[in-house]
Amino acid sequence: TKEQLKFAISLLKTLRPYPGMDFDKQESDYQIPDVVVSKKDLHWQVQLNPDVLPKLRINSFYSSMIRRADQSEDNLYLRNQMLEAKNFIKSIDERHKTLLKVASCIVEHQKAFLEIGPEAMKPLVLRDVAEEVELHESTVSRVTTNKYMLTPRGLFELKYFFSSHVGTTAGGEASSTAIRAMIKKLVANENPRKPLSDNVIATLLKDEGIEVARRTVAKYRESLHIPSSSERKVLI
């Protein structure tokens, strides 16, 4: 009967297919943000996380050993080491300034994401940021690799804010990240007895001005780990 089937399904849902997982120690992998974004007086502020900035300085004991007008081999060695240390500290400082510059540029482009969410993500590629901050594209790529930004919407890797361009029916461009968010929202609000097929999702997106092929919808859906419509269908 229908009642017996419901009971059987609810019982199956309580079972653990991997009981050995209870004995596996899983350590949480925490990421410390390099950049912190906050809103103050209707403006988005970007700043480096002071907790991760290295506090470098010259050792006063060794710097005091350097004597002026002394051209001895030992004194020249100390001077050279002092110069290298200062250049190293300067390079680290420049690196942080570059990170702040790139992060500020990303926030300027993705204000809609911060205000609304992933559906409002704007298309952005490394070249766009590189041209705006007047840096080489490879430099921007290095700066954003394994660097994290803390926002009111959560913690994200800087690479997350870059996405490819998809054309719209109005002649503009949409972000692939925004399209994924729209697909996720459509599936979340669908009737489980009549789940949306990839063709239907493509049609609904077209109604929103975003023209994507069915196979593109399928690719985005699979990247979100969303099963096909036949697998999502609920009979009771």
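Reading the values: the criteria
Residues numbered from 1 in each chain as written. Predicted model: local features only at pLDDT ≥ 70, side-chain atom pairs only at ≥ 80, totals over all residues. Heavy atoms only, no water. Helix = DSSP H or I, 4+ residues; strand = E, 2+ residues; numbered from the N terminus. Rg over C-alpha atoms; globule rule 2.2 N^0.38 Å. Buried < 20%, exposed > 50% of the residue type's maximum accessible area, 1.4 Å probe, protein only. Axes fitted to C-alpha atoms, helices over the stretch in contact; angles between N-to-C directions. Left-handed = near helix turned anticlockwise from the far one by under 90°. Contact = heavy atoms within 4.5 Å. Salt bridge = Lys/Arg side-chain N within 4 Å of Asp/Glu carboxyl O. Pairing = 2+ DSSP bridges. pLDDT = per-residue confidence, 0-100. 1 Å grid on protein atoms, 1.4 Å probe; cavity = no way out; pocket = protein on both sides within 12 Å on 5 of 7 lines; lining within 4 Å. Points joined across faces, edges and corners; volume = space filled by probe spheres on them. Nonpolar A, V, L, I, M, F, W, Y, C, P; charged D, E, K, R; others polar. Core = buried A, V, L, I, M, F, W, Y, C linked by side-chain atoms within 4.5 Å.

Asker: Any chance you could explain the overall build of the protein here in plain terms?
Answerer: The helix and strand tally for the protein stands at ten helices and six strands. For 236 residues, the compact-globule estimate of 2.2 N^0.38 gives 18 Å, and the C-alpha radius of gyration of the protein, at 27 Å, exceeds that figure by more than 25%. Principal axes of the C-alpha set define a box for the protein whose edges measure 100 × 55 × 35 Å. In the protein, which comprises 236 residues, the proportion classed as buried is 30%.

Asker: Would you mind going over the packing of helix H3 (residues 73-109) against helix H5 (residues 126-133) with me for this structure?
Answerer: At a minimum axis separation of 10 Å, H3 and H5 run at an interaxial angle of 115 degrees. In this structure, H3 crosses over H5, and the sense of that crossing is right-handed. Facing H3, whose interface residues are Lys 101, Val 102, Cys 105, Ile 106 and His 109, H5 presents Val 129, Glu 132 and Val 133.

Asker: In this structure, what is going on with the pattern of salt bridges? I would like to understand it.
Answerer: When the charged atoms of two side chains lie near each other, side chains of opposite charge can form a pair. Considering all chains together, one arrives at seven salt bridges under this definition. Glu 108 is paired through a salt bridge with Lys 111; the nearest N and O atoms lie 3.4 Å apart. Residue class for Glu 108 comes out partly exposed when judged on its relative accessible area of 47%.

Asker: What's the story with the sheet that holds strand S3 (residues 148-151) in this structure? I'm lost.
Answerer: Pairing is mixed across the open sheet formed by four strands, whose spatial order is S2-S1-S3-S4. The sheet terminates laterally at strand S2 (43-48) and strand S4 (154-157), the two strands that pair on one side only. Averaged over all adjacent pairs, the angle separating strand axes in this sheet is 25 degrees, with direction ignored. Sheet topology note: the strand S1 (residues 35-40)/S3 ladder contains two bridges and is parallel. By the bridge assignment, Val 36 is partnered in S3 with Leu 150. Most of the contacts of H3 go to S2, to which it runs at about 155 degrees, and overall it touches S1, S2 and S3.

Asker: What am I meant to see in the confidence of the model for the protein here?
Answerer: Interpretation of the predicted coordinates at a detailed level should be avoided for regions scoring low in pLDDT. When pLDDT is averaged along the protein, the result is 88, and 95% of the positions lie at 70 or above. Element-level pLDDT for the protein is lowest in strand S5 (residues 165-167), with a mean of 68, against a maximum mean of 94 in S3.

Asker: Teacher, can you tell me more about the pairing of S4 here?
Answerer: If a strand is regular, its side chains alternate between the two faces of the sheet. As defined by bridge partners, S3 adjoins S4 across four bridges and the pair is classed as antiparallel. Within S4, the position partnered with Leu 150 by the bridge is Leu 155. Between the end of S3 and the start of S4, which pair antiparallel, lie two residues.

Asker: Please clarify how the layout of surface pockets should be interpreted in this entry.
Answerer: With a probe scaled to a water molecule rolled over the atoms, the places where space remains empty come into view. Computed from the structure, the largest pocket encloses a volume of approximately 240 Å³. Taken together, 13 residues make up the lining of the largest pocket; nearest its centre are Asp 34, Arg 95, His 96, Leu 99 and Lys 147. Sorting the residues of the lining of the largest pocket by element identifies H3 and helix H6 (137-144) as the ones contributing at least two each. Of the residues forming the lining of the largest pocket, the biggest block, four residues, is contributed by H3. For the lining of the largest pocket, a count of residues per class yields seven nonpolar, two polar and four charged.

Asker: What is the right way to look at the nonpolar core in this model?
Answerer: Buried together is how nonpolar side chains tend to be arranged in soluble globular proteins. The biggest cluster of nonpolar side chains holds 26 residues, and the ones touching the most others in it are Val 102, Ile 106, Val 129, Val 140, Met 149, Phe 161 and Phe 162. Elements supplying a minimum of two residues to this core: S1, S2, H3, helix H4 (111-115), H5 and H6. Among the elements that make up this core, the one with the highest residue count is H3 (six residues). Apart from residues lying up to four places away in sequence, Val 102 is in contact with Val 129, Val 133, Leu 135, Val 140, Val 143 and Thr 144. Core analysis: the next-biggest nonpolar cluster, separate from the first, contains 15 residues, Val 166, Ile 179, Ile 201 and Tyr 220 among them.

Asker: For this particular structure, what's the right way to read the environment of Arg 214?
Answerer: For Arg 214, the position within the fold is in helix H9 (residues 214-223). Residue classification places Arg 214 among the partly exposed residues on the basis of a relative accessible area of 40%. Residues contacting Arg 214, with those up to four places away along its chain left out, are Asp 198, Asn 199 and Ala 202.

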